[in-house]
Amino acid sequence: MKKPKIGISIFGQGHLAINLIKFVNNSKKFNLKNIICNKNESIFDKSLEDWCRYKKIKFSKSFNSLKSGKRDIGISILYDKKIPKRIIKKFGLIFNCHYSVLPKFRGINPVHWAIKNKDEIGLTLHKIEPTIDTGKILKQFKTKKTFNNAFSATSFLNQKAFVMIKNFLDRGIKKKEYFSLSQTEVSKNKNYFGKKDKFKLGKHIAFFQKKSRYNFYDGTNSKISTLIISNEDENKNFKLPK
């Protein structure tokens, strides 16, 4: 008798989320149950929402229709909202792919902060807990490569992240270890960076979005530019403000 497939839910946006969905759909072990898209997607990455519409794949922007079981796995990829405890409890395992070597640079813009501090660039797969980026570490990747900006670093990390998550799922499921991996605790109060810290990034520019409005900052408490993006221009490339 064949074992039932393990349900997978993807939360987030971008190329990495799309590639993971393709992997799950082509897998004999997994079944894609839910896609939860960001309400405000980055213009610097491929739109998961548009891709789902084009492929006629069902998605949602809320947890209202989420279906999950105790054997299911949830994966957060650049998801822009805090996942509530009631949703965390629905999964056998729910983890996040964070773009830093935790416990360093918890919170938002971890790649920006790592470059600003001339620190190592990397990735962490960690269990999602009610407190942001404090869950136990499942797997990490570090590189000695240096980057001048967050865009090139993120592009590099996206490629590494797909391989890391794919291998983690394949090997963890095969060895039946994904519910009982040996993990390391992450300090709850170490190196957290929130929205208010964006002004401290200096020349390492930070951009924040609200609907189709993108604000750019120069490290002071003032915006240097606001960009309004129409629906037609949403996926077009544009130059950063000087």
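About the cut-offs
Residues numbered from 1 in each chain as written. Predicted model: local features only at pLDDT ≥ 70, side-chain atom pairs only at ≥ 80, totals over all residues. Heavy atoms only, no water. Helix = DSSP H or I, 4+ residues; strand = E, 2+ residues; numbered from the N terminus. Buried < 20%, exposed > 50% of the residue type's maximum accessible area, 1.4 Å probe, protein only. Contact = heavy atoms within 4.5 Å. Areas by Shrake-Rupley, 256 points an atom, 1.4 Å probe, with all protein chains shown as cover. Pairing = 2+ DSSP bridges. Axes fitted to C-alpha atoms, helices over the stretch in contact; angles between N-to-C directions. pLDDT = per-residue confidence, 0-100.

A. Representation of the overall build of the chain. The helix and strand tally for the chain stands at five helices and eleven strands. Evaluated residue by residue, the chain yields a buried proportion of 46% over its 242 residues. Counting only contacts in the chain whose residues sit at least 6 apart along the sequence, the fraction spanning at least 24 positions is 62%. With the model as given, the accessible surface of the chain reaches about 14,000 Å², and the carbon-plus-sulfur share is 49%.

B. Geometry of the sheet that holds strand β7 (residues 137–143). In spatial order, the strands read β2-β1-β3-β4-β6-β7; together these six strands make up an open sheet with mixed pairing. Unpaired on one side and paired on the other, β2 (30–37) and β7 mark the two borders of the sheet. Strand after strand, the sheet turns through a mean of 15° between neighbouring axes, direction not considered. Taken together, the five bridges between strand β1 (residues 6–12) and strand β3 (residues 73–77) define a ladder with parallel strand orientation. In the strand pairing of β3, Ile8 is matched with Ile73. Across the face of the sheet, helix α1 (residues 14–25) comes into contact with β1, β2 and β3 while running at roughly 155° to β2.

C. Region of interest: the confidence of the model for the chain. Residue-level pLDDT values for the chain average 80, and 74% of them are 70 or greater. When the elements of the chain are averaged for pLDDT, strand β11 (residues 223–228) gives the smallest value, 47, and β3 the largest, 96. Note that residues 218–242 has pLDDT below 50 and, in this model, 47 contacts with residues that lie over four places away or in other chains.

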